[in-house]
Amino acid sequence: ARRHELEPRINVLDVLRAGGMRVPTLCYHPALKPSGSCKLCAVEVVGKSGRPTTMLSCILKVRDGLIINTESELVARARSKAFKDLLQMAPQAPAIIRLAREYGVDPGPPPDGCIRCRLCIRVCKEIVGAAALKMEKQEDGRNYVVPTQGLCIGCGTCVNICPTSAIRLEDKDGVRTISIRDCTIGKHVLERCEACGKLHATQKFLSHVAERTSTH
């Protein structure tokens, strides 16, 4: 516990930071009047009634007898809610994700651009015939497109049909990698065209085509 004698016009956030206390905030700047927009700087306040409540430290002015707690269950709940609200507005903002993790708040799974339309799953099964993709519920309770290991033939049809470019294809150093999020769907060495010599398709794809067209 620390006691401070201060001018009543000073806000609590400045006092806490001047005293070496860590309080998260994104919308506060000392050159501007505080707005309390991000709501991350919530602290627990114990007033004359003795009942604790949370208030925004950037707006709250110092007053006689004010007791502040920067780490409590009330503060943790208020801070967590503020982070969740911010992440709904800007789910890909690195600053929010980094700060949330720093203060022990799980920012949730990163957005992957996938709208769960199942076009990739259907085309891979019904047209290509590889059935290399499926929808699977994971620990967070959400459904994700995931690969069935070993079935991808590297054709890239799922990449072409995806309406949001959530599935990516990269040809680099003679290797084709198809992925979604941080998950690799397939990784294949590219074969050269016998006519022009260019790297153009995977061996699994060529074998698959040969097998599917063997009766023609």
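In case you missed it, the structure is sitting above this.
Reading the values: rules and limits
Per-chain numbering applies: the sequence of each chain, read as written, is numbered from 1 onward. Residue-level local features of this predicted model are given only where pLDDT is at least 70; pairs of side-chain atoms are given and counted only at 80 or more, and the full residue set underlies all totals for whole chains, interfaces and linings. The basis for every side-chain value is the complete set of heavy atoms in the structure, and neither hydrogens nor water enter the calculation. Criterion used throughout: strands pair if DSSP finds at least two bridges between them. A run of H or I in DSSP counts as a helix once it spans at least four residues, and a run of E counts as a strand once it spans at least two, with each numbered from the N terminus. Contacts were defined at the residue level, with two residues in contact if any of their heavy atoms lie within 4.5 Å. A simple rule labels every residue: compare its accessible area, found with a 1.4 Å probe on the protein chains alone, to the largest value its type can have, and call it buried under 20%, exposed over 50%, or partly exposed in between. Cysteine sulfurs are considered disulfide-paired once they come within 2.5 Å of each other. In what follows, salt bridge is the name for a side-chain nitrogen of Lys or Arg lying within 4 Å of a carboxyl oxygen of Asp or Glu. Convention adopted: a line fitted to C-alpha atoms gives each axis, helices being fitted over their contacting stretch, and angles between N-to-C directions are expressed from 0 to 180 degrees. Put simply, angles under 35 degrees are roughly parallel, angles over 145 are roughly antiparallel, angles from 65 to 115 are roughly perpendicular, and the rest are oblique. Note on convention: the crossing is left-handed when the near helix lies turned anticlockwise from the far helix by less than a right angle, right-handed when the turn is clockwise.

Student: Explain the pairing of strand β6 (residues 167-172) here, please?
Tutor: Every regular strand shows the same layout, with side chains that alternate between the two sheet faces. In this sheet, strand β7 (residues 175-180) lies alongside β6 in antiparallel orientation, the contact comprising 6 bridges. Each residue of the ladder has a partner; that of lysine 172, found in β7, is valine 175. Counted between consecutive antiparallel strands, the loop separating β6 from β7 contains 2 residues, among which aspartate 173 sits at a positive phi close to 55 degrees.

Student: What should I look at first to understand the environment of proline 111 in this one?
Tutor: Mapped onto the secondary structure, proline 111 falls in the loop between α3 (94-102) and α4 (119-128). For proline 111 and arginine 79, which are 32 residues apart along the polypeptide, the C-alpha to C-alpha distance reads 22 Å. Leave out the neighbours within four places in its chain, and proline 111 touches Pro91 and Gln92.

Student: What's the story with unusual backbone geometry in this structure? I'm lost.
Tutor: For residues other than glycine, phi is negative in most cases, and the peptide bonds are mostly trans. With a phi close to 70 degrees, arginine 118 is a non-glycine residue in the positive phi region. Note on placement: arginine 118 falls in the loop between α3 and α4. Its relative accessible area of 37% is what places arginine 118 among the partly exposed residues.

Student: Please explain the state of the cysteines as it appears in this structure.
Tutor: Chemically, a disulfide is nothing more than a covalent bond linking the sulfur atoms of two cysteines. The full count for this structure, using the stated rule, is 0 disulfides. No disulfide involves cysteine 158; its sulfur sits 6.3 Å from that of cysteine 155, the nearest cysteine. Owing to a relative accessible area of 10%, cysteine 158 belongs among the buried residues under this scheme. In this structure cysteine 162 is not part of a disulfide, and its nearest cysteine sulfur, from cysteine 117, lies 6.3 Å away. A residue is classified by how much of its surface remains accessible, and cysteine 162, at 16% relative accessible area, is buried.

Student: Looking at this structure, how should I read the pattern of salt bridges?
Tutor: A side chain of one charge can pair with a side chain of the opposite charge if their charged atoms are brought near each other. Evaluated as defined, the whole model comprises 9 salt bridges. Taking the shortest distance from any N to any O, the salt bridge between arginine 22 and glutamate 102 comes out at 2.4 Å. Taken together, the residues span a long stretch of sequence, with arginine 22 in the loop between α1 (12-18) and β1 (42-46) and glutamate 102 in helix α3 at a distance of 80 residues. Given the relative accessible area of 48%, arginine 22 is considered partly exposed. Judged by its relative accessible area of 46%, glutamate 102 falls in the partly exposed class. Its salt-bridge partner being glutamate 136, residue lysine 134 comes within 3.8 Å of it at the nearest N-O pair. Given the relative accessible area of 33%, glutamate 136 is considered partly exposed. Three or more residues are tied together by salt bridges with common partners; here these are Asp112, Arg116 and Arg181.

Student: Looking at this model, I keep getting lost on the packing of helix α2 (residues 73-89) against α3. Mind explaining?
Tutor: Geometry of a packed helix pair, given as the angle between the helix axes and the separation of the axes. Closest axis-to-axis distance for the α2/α3 pair is 10 Å, and the angle between their directions is 160 degrees. The orientation of α2 relative to α3 falls into the category roughly antiparallel. Every pair of crossing elements has a handedness; the one defined by α2 and α3 is left-handed. Contacts from Phe83, Leu86 and Leu87 in α2 reach Ile96, Ile97, Leu99 and Ala100 in α3.

Student: Please clarify how the environment of methionine 55 should be interpreted in this entry.
Tutor: For methionine 55, the position within the fold is in strand β2 (residues 52-56). In the structure, methionine 55 is positioned 10 residues away from valine 45 in sequence and 6.7 Å away in space, judged by C-alpha atoms. Not counting chain neighbours up to four residues away, the residues in contact with methionine 55 comprise Cys41, Ala42, Val43, Val45 and Leu60.

Student: Can you help me understand the sheet that holds β1 in this one?
Tutor: What links the strands of a sheet is backbone hydrogen bonding, and the strands pair in either a parallel or an antiparallel sense. Strands sit in the order β2-β1-β3 across an open sheet of 3 strands; the sheet is antiparallel. Of all the strands in the sheet, the pair left with one neighbour each is β2 and β3 (67-69). Here the strands of the sheet are splayed against their neighbours by 40 degrees on average, with no regard to which way each runs. Bridging between β1 and β2 involves 5 bridges; their strand directions are antiparallel. Note that in β2 the partner of glutamate 44 across the bridge is threonine 54. Strand contacts of α2: β1, β2 and β3, with the helix running at about 150 degrees to β1, the strand carrying the most contacts.

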